[in-house]
Every structure is written in C-alpha cells, then in structure tokens.
Amino acid sequence: MKKKKLRQQKTVFLEASKPILMRRFFFFFSFTLCISSWSQRPNKPNASEIYHQIEKLNFLGNVLYIAAHPDDENTRLIAYLSNELHARTGYLSLTRGDGGQNLIGPELRELLGIIRTQELIEARKIDGGEQFFTRANDFGFSKNPTETLQIWDKNLVLSDVVWAIRAFRPDVIINRFDHRSPGTTHGHHTASALLSMEAFDLANQPNQFSNQLDYVQTWQPHRIYFNTSWWFYGSKEKFEKADKSNQAQLQIGVFYPFAGKSNQEIAALSRSCHQSQGFGNTGSRGEEFEYLEFLKGSPPIEKNNLFDGIDTTWNRLTDGKAVGELLSKVQKEYNPNNPGASVPDLVKAYLLIQQLQDPFWRNQKSEEIKAIISACAGLYLEAVADVQEVTPGNTLKVKLEAINRSSNAITINRVESAPKTKAIWENQNLAFNKSCTTSFQLTLPSTLAYTSPYYLKEAGTIGMYSINNQELIGKPDVLRPTQVTFYLRILGVEIQFTRTIIYKYNDDVKGEVYQPLDIVPIVTSTIKEKVAIFPKNRSREIHVIVKSGKDNVSGAVSLSVPEGWKASPERVPFSMQHKGETTTIEFVLAPPKEASEAVIQSLVTVDEKVYSHDKIDIIYPHIYKQMVLKPASAKAIKLDIKTNAAKIIYIMGAGDEVPESLTQMGYEVLITKPDAITPELLATADVVMTGIRAYNVVSQLAFKQKLLLDFVKNGKTMIVQYNTLDDLVTQDIAPYPIKISRDRVTEENAEVRFLEPNHPILNTPNKITEADFKGWKQEQGLYYPNEWDAQFTAVISSNDQGESPKDGAILVAPYGKGTYIYTGLSFFRELPEGVPGAYRLLANLISAKN
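Residues numbered from 1 in each chain as written. Predicted model: local features only at pLDDT ≥ 70, side-chain atom pairs only at ≥ 80, totals over all residues. Heavy atoms only, no water.

Glancing now at the overall build of the chain. Helix and strand content of the chain: 20 helices and 44 strands. For 850 residues, the compact-globule estimate of 2.2 N^0.38 gives 29 Å, and the chain sits close to it at 30 Å. Based on the C-alpha atoms only, the size of the chain along its principal axes is roughly 85 × 75 × 55 Å. Out of the 850 residues belonging to the chain, those deemed buried represent 58%. Looking at the chain alone, contacts between residues at least 24 apart form 74% of all its contacts between residues at least 6 apart. On the chain, roughly 34,700 Å² of surface is accessible, and the fraction owed to carbon and sulfur atoms is 48%. (Helix = DSSP H or I, 4+ residues; strand = E, 2+ residues; numbered from the N terminus. Rg over C-alpha atoms; globule rule 2.2 N^0.38 Å. Buried < 20%, exposed > 50% of the residue type's maximum accessible area, 1.4 Å probe, protein only. Contact = heavy atoms within 4.5 Å. Areas by Shrake-Rupley, 256 points an atom, 1.4 Å probe, with all protein chains shown as cover.)

As structure tokens, then:
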C-alpha cells in the first residue's frame, strides 16, 4: 500500500518501503555524482568562484533544456540560467551526434559520437550546465519527424525523456525547436520538441513507464517554453514585427565579475568546444536578448520571470528553513580573503541537509555543499595510478595526496578503495598546508569490466542504443569503477569525498597531463586492412597487428573466415615481452570464385582464452583520451571491378578514409597539402581528388585553383567531393558556374534513375546498374548542386519519398582536354563500410576521359 501511495504522489516526498527507498537513494546519489566524474583534472575554484557556488547552493530551482544533437544547445541561455539565475541547468541531447560529419579527423558513426559526447561534457564545464542523453541514435539527416520516430523506437525515447524529467525534476523545460513546424528543419529537431511536449504531461502520471518508479518519483514541471528567435521567423525584420505578448524576454548580455567575462564570452568558449563540427565562436559583450515562447503549464504572471510563482529558496522544503537561514549567513559573511572561515557554518549546514526528508534535494545539495566545504578548506584530494592502462586481475600502485590549506581541524579517518574495498591511511591528521602522501597496491578483480562507453557494450539498431539497466540511461560519460573514498573528519563531522583514480604525467612541453585510467584486455588485435578488395581471383595478404596489454604475453592468432574463403596459415604463434609491445602477423586470404562479401575476424588465444577486441584510442587535445573496444573484424569483398593504373593526388579536406580505400583498389595514391602542389608534381599524376569539404576548410586551395584547373585543361581528371555552401575559400571551385545547395538524399535505398544511361561514367570500365546502389549506408549524398552551367552533364537522379528529383549527385564537364567531376555522393561513408557499388562507381569516375 505504501508503494502504491508513493507512486501517486506528485511533488511531495513520502517515505516508502525500504528497498525502493534504497534504490532511489543510490540512483539519486549516482545521478548527482555522474557530473563530477566528468573531470579528470581537479577543480580548483578561486575565492570568487566559491562565492558563486554558494549563491547556487542557495537557489532551489532546476531548468532542463531539450534538443536533438550535440551543438543544438543554446549556450548563451544555458550560461545565463546557470550563472545569472543560479539555477541547476541540464541539457538533454536526445542523441550523441553519431550521424554528423567530422571536421577534425576520420572518425564517423559511433566514434564520432564519442568525440561529440566529450565535446558536450567539456562545454558544460565551461557554461555551468550538466549533460544528459537518451538512447536515441543519430542515424543521419532526416527530413521529417515521422521518419525520425519510425527509425527511433518512439516509445523508448519518450520513456527516456520522461525518465530525465523525473530524475532531474525541472521546474521549467525549454525546447530548442518548435514542435508545430514539421518538415522545416531536421526531423530529429522537430521530434525532440514533440517528445518533450508529450513527456511534459506523462512524467506526472504514475501509470506511464511505471517501472521507473522504483528509482524516481513522478514529477510535474511548472511550465514549458520554446526558445524562439528570428531564425524561426525567416528574418530579423519579420521577428521584430511579430507578436511577442506570449514571450519572455531575457536580457542575457550580463557581465560576471567572478569570471571576468560576459555571458556571451562564456557561451562562446562553450560553443567552441564543438570542434568536430567547426563551431569555433567569438564572444561578444553588451546587451543581448533571448526569447522564450510560453507553450503550456502554469502561465507566469510576471512573464519575464521563468520561475514566477515557484519558491526557489530553502523555504521550498518543509524542513529547509533552518538550512536557508544558516546558508544565508554563510553567504553574507563570506570572506574572499579567508574562505576557510566559512567552513564551521558550512559543516553545520551539511548536517542539517542530511536530515532533509526529500532524498532528491538532500542528495543534490549534499554534493554541492561538500564541494564548497572542500574548496573553502583548500582541500586537495587525489588518487593517481602509476600506469594509464591495466588489465583485470593485475595490481597497480596508487599514490594518494591530501592537503588542508585552512585552519580548520581535519583528519583522515580512513581511505577506502574500490573495487575490492580496502581500508588504508587511517587516522592521518591534516595539519595546515602540510602535504600528506602515501601509496598502496590495488589488485583489481579478474572479472572487472573493460573500459568502454557503456552504451556501446550491447549491439543496438540503426536508431537506438541498447541499454537495459534503467539507472544508466542518460548518464553522459564512461563508467569508471576504480575509485577511492576519503572519509574525513572535519570539525568532528565525518564527510566522504570520492575521487576517481586517474593517471597523470609530466610532459616537457605541456607540463602536467591528465588521462583516465583504462581497464584493457591482456591482448588486442587490429586487422590493418579494414576493407580488403579482391578484384580478381588472386589471394592477397592480410595483416593483423597484435598489441600486448601486460608484460609476457604469448599465444596464437587465427583468422575466422566464412565458408568459401580460406586463410593460411591456420594459426600463427607469437610472444611479446613488454606491455604495449606490438607485432604484425601476416595471413594470406584466398577469395571464392564467385562475388562475395565476408566479415573476417582476428582471434587471439592466450592460455586457452580467446580475445577478439580491437582497441581504438581517440586522442584530440580538446577532449580527454577515449578508449573504445570493438570487434577485431574487417570486411573482405570479392568484387567484379575493373580499375586502371591511375596515379592519384589526394588533397585532404575535413578528414576521411577515402585514400585508404583507393589504395585497396590498387591505385597509387599520394596525399598532399596544397602548398606542395606544383606543376611538376601534378605532371606525375593522372587524377586529382579533393577530400570532403576541402573547399570549406583548406584556405590554400584558393591560391592553387588555377594550377588544378590547368591540370584538367591539359588532359587530366579532377574529382571534387562534397562541400557545404557556406564559407567556401573560393567561389571558383569549378571551371564553370556551379551553385551548391542543401539538397540531399537521405534515404539510402532511394531509387536511382540514370539520366544518361550511355554516359561513360555509367559504363566504363564497369557497367553500373541499380544493384550498385543497394546496401548504401545512412544516405546517398548531400549538399548537391541545384544549379550548374550547361557544360555540365547530370548523370543520375534520385530523391527522398515525396520530394522533387535531385539531379546534382554527379556532374561531369569537359574542360580543355580533360574532365572535371563534382560529386555529392557520400563515398566517404560508403567506402569504409565496404559498399561494393560505391567502389565500382568510383573506379568509373577515376577512369573518366574527355
């Protein structure tokens, strides 16, 4: 009866049965802690920043911003809500951005999603927000929400939005996109708003997604807004004339003395974290406004006050008055020259917070006040491993450091490590400004899970990640169980501070460098040839790179191949003496006589246990090192394909893996930078090919374009892959006028029509048929030109369902003695995926002659 009664409550806390209460406690605790685990480098707030934290501690109000992708969020508004209003502000991105493009490297799909996840995490560290996700997978551009919700499991994503609302308990929800205008923007965008509107009503209904109520309560936000702007009206002039009587107008152009920056400057730094999407941003200063259209809920009487009618003081809680009075005193008497003087009252307030009845506020404010106590006391607590990677069952050395830089009496009662709880460093007094260190040996369980993004551990679908543990849904980052907890006695009160064990080292150039501690297999392997092409019946070499995760590893490697394929030898022994050592093992793979596509896998056997992981490290300076474990597999294709002996100069653009695919096809490929292009170099090549978005990101191309077009005029071939219509480094990307548009074909299986069936592109050296467009991934192409000179010939046409034909996928033009080709087809996606038809078609483009 208690459980049923608990589920019927809306916004007040009633104690329920102990098992449910404990599950909720641990969920609330982990939901709060997941934010602090983002940071590898210790947070060291200055006196002004500590005061800002105290202001936020005294504000009891939450806002949840909802959109579809990383970089959809309005960082100006998030920064304002968090830093000016002091609200706890979350951003719920329905996806992790797997389906986007990558301007900084070759990573696509889930690897790009990992990069964009980390970029969001770094952005939130700057603007003060918190980051959450659903299980929705960004499957690529979608033109309407109907398609989006068909590919996503609408009910599951809706349940995740409800879960986020119940767990975060926002008073106010803000949608980035308009739910009333399907088809005018990305389908994911509109879908995010539609789901948010529906979840606003469902989150308070106990009969909706009732399984969640073992961990959270139902919750009814007070109101929901749409973050509108002139962009949604089509022009600034139209927006100025629009009726704004239902819109809140927020002056977000404030200046923060504690940061020494304007709100827009903070927002620009946050926005600039999205480096993979090319969203570097310059901050501004001065008055600026954001507009929020009220959609439903409780209408505010004071329309520019988002929290109108909501008590955001400690009086919001029936037992919060004493806490509020004490913390008001702390805020009033705070001395920036002596933050430690606030610790006694903060500790008293901490004890009062532990007595709060509502576990949501108790746990949220406990974590906030603990961080403030630590900062005011000048506490530095850290656990550093002596290695960056370690295998399950192995032992690592961990160094602990603790220092108290205040006059408050602080003692380490004990420190406990996890996993395999072990108590160490007991009864250690932390005298003023005396650094205390110790080390201990931590033996990891042999069953400890390898480090990898939790949402990738189970196979998902094209539209959904598979996460079966309810408590994990929404967590932003990799789960890292190797931790230590410092049990400190501060002025007689025991307070726990948990730190994730990290690795750090000193770089002669960069100084102190922090990295996460990763749990790795004792051996991993990588098949060097991710897509191996067999154009004839000849066998070819396949190379497997084996890497040791610890010292003294020996075993044997084999290739698992499907019937009809043959790998020899069957097994190859190896032995490596040192951790991190690699060895390359060569196999010969023979294809079947008939056309075939095969997935081959490397299997490494050590002590009768088989390891089949490929370890991928993602390293960029703007995010922390990420490790991903994927199946150690590759694709082998016995393909009916004819190629010529062309020599290709490839000018890399935003980053792709097309050159590797060209090499697999048998071409001689030279990757070069524009400043190395000379007439003499061009004379050695038959074809010049530019990488994706090269004319968007490689500024030197503007100065080499005449040379490249002369190369074509003299009888050679130039192939230009897709560029966006914005920020071209030169308008003369082609020998004749051409206008790039936003046209694209997102339905990868859309019918392809041959406009010029006798054109050499469709016939030489390979006869292209409709079958060559089967099995394409994510999309057919993007940013097709929609206007071009009469010298161009459009070769193929296709379109998404219900749309007009898009004829700009392949445009071919003679120029002098040579041939110029512009293509928006997504070869950069299809080739690494091993799509046979993409290889055959590209071979024809390369063979094109005037």
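Following the structure, the description resumes.
This structure, assessed with the given rule, holds 25 aromatic pairs. Measuring from centroid to centroid gives 6.5 Å for phenylalanine 177 and phenylalanine 232, while their planes differ by 70°, and the two rings are edge-to-face. You can see phenylalanine 177 sitting in the loop between β4 (172-175) and α8 (187-202) and its partner phenylalanine 232 sitting in helix α9 (residues 230-233), a full 55 residues away along the chain. The class for phenylalanine 232 is partly exposed, based on a relative accessible area of 26%. Clustering of aromatic rings is evident, with ring pairs tying together Phe177, Phe226, Trp231 and Phe232. Taking NZ or CZ as reference, arginine 96 lies 3.8 Å from the ring centre of tyrosine 455, over its face. In this arrangement the basic side chain of lysine 370 is found over the ring face of phenylalanine 497, its NZ or CZ atom lying 5.9 Å from the centre. (Phe/Tyr/Trp six-rings, centres within 6.5 Å; stacked < 30°, edge-to-face > 60°. Lys NZ or Arg CZ within 6 Å of the ring centre and 35° of its normal.)

What follows covers the sheet that holds strand β20 (residues 511-516). Strand pairing in a sheet takes place through backbone hydrogen bonds and is either antiparallel or parallel in direction. Pairing within the open sheet is mixed, and its 5 strands lie in the order β16-β12-β10-β19-β20. Of all strands in the sheet, those with a lone pairing partner are β16 (436-443) and β20, marking the two edges. The sheet shows a mean angle of 40° between the axes of neighbouring strands, direction not considered. In terms of strand pairing, strand β10 (residues 380-385) meets strand β12 (residues 395-403) through 6 bridges, oriented antiparallel. Along β12, the bridge assignment pairs leucine 381 with alanine 402. (Pairing = 2+ DSSP bridges. Axes fitted to C-alpha atoms, helices over the stretch in contact; angles between N-to-C directions.)

Once that is clear, we can look at the confidence of the model for the chain. Interpreting fine coordinate detail is not advised for predicted regions of low pLDDT. Taken over all residues, the pLDDT of the chain has a mean of 93, while the share at 70 or more is 95%. Here residues 1-38 is a poorly scored stretch, pLDDT under 50, and it has 74 contacts once near neighbours within four places are set aside; other chains count. (pLDDT = per-residue confidence, 0-100.)

Here the focus is the nonpolar core. With 79 residues, the main nonpolar core has Leu662, Leu708, Ile796, Ile810, Tyr820, Leu825 and Ile846 as its most contacted residues. Ignoring any residue separated from it by four or fewer positions in sequence, one finds leucine 662 in contact with Ile648, Tyr650, Tyr667, Val669, Met689, Leu842 and Ile846. Among the nonpolar cores identified, the runner-up in size contains 56 residues, and Val330, Val398, Leu448 and Ile519 belong to it. (Core = buried A, V, L, I, M, F, W, Y, C linked by side-chain atoms within 4.5 Å.)

Moving on, we get to the environment of tryptophan 163. As for its position among the elements, tryptophan 163 is in helix α7 (residues 154-168). Using a relative accessible area of 2% as the deciding quantity, one classes tryptophan 163 as buried. Along the primary structure tryptophan 163 and alanine 203 are separated by 40 residues, whereas in three dimensions their C-alpha atoms are 7.6 Å apart.

Inspection of every chain in the model, using the stated rule, returns 43 salt bridges. Arginine 414 is the partner of glutamate 416 in a salt bridge, and the nearest nitrogen-oxygen pair spans 3.0 Å. The network of salt bridges with shared partners includes Glu389, Arg480, Asp518, Lys615, Asp617 and Lys625. (Salt bridge = Lys/Arg side-chain N within 4 Å of Asp/Glu carboxyl O.)

Here helix α5 (residues 109-127) is 19 residues long and its end C-alpha atoms lie 27 Å apart, about the 27 Å a rise of 1.5 Å per residue gives. Across the 19 residues that make up α5, a large majority, 16, are buried. The positive-phi residue at the C-terminal boundary of α5 is glycine 128, with phi of around 90°. (Expected span 1.5 Å × (residues − 1).)

Moving on: the packing of α7 against α8. It is at 9 Å that the axes of α7 and α8 come closest, and there the two elements cross at 60°. In terms of axis orientation, α7 runs oblique to α8. By crossing handedness, the relation of α7 to α8 is classed as right-handed. Counting all contacts with α7, which are made through Lys154, Val157, Leu158, Val161, Val162, Ile165 and Arg166, the residues of α8 involved are Leu195, Ser196, Glu198, Ala199, Phe200 and Leu202. In terms of residue class, the contact of α7 with α8 is built from 9 nonpolar, 1 polar and 3 charged. (Parallel < 35°, antiparallel > 145°, perpendicular 65-115°, else oblique. Left-handed = near helix turned anticlockwise from the far one by under 90°. Nonpolar A, V, L, I, M, F, W, Y, C, P; charged D, E, K, R; others polar.)

As a further point, take the side chain of serine 192. Checked against the element boundaries, serine 192 lands in helix α8. Within the structure, the side chain of serine 192 is placed 2.6 Å from the backbone oxygen of histidine 189, a separation counted as a polar contact. Excluding its chain neighbours within four sequence positions, the residues that come into contact with serine 192 are Ile66, Ala67, Ala68, Leu94 and Phe177. (Polar contact = N/O pair within 3.5 Å; in protein donor to acceptor, adjacent residues only side chain to side chain.)

Moving on, we come to unusual backbone geometry. The peptide bond linking alanine 418 to proline 419 adopts the cis configuration, its omega dihedral lying at 0°. In this fold, proline 419 is placed in the loop between β13 (410-418) and β14 (422-424). Note that the residue after threonine 764, namely proline 765, is joined by a cis bond; omega there is -5°. Of note, proline 765 is situated in the loop between β39 (753-754) and β40 (781-788). Located in the positive-phi region is leucine 491, a residue other than glycine, with phi close to 50°. On the secondary structure map, leucine 491 appears in the loop between β17 (483-490) and β18 (493-500).

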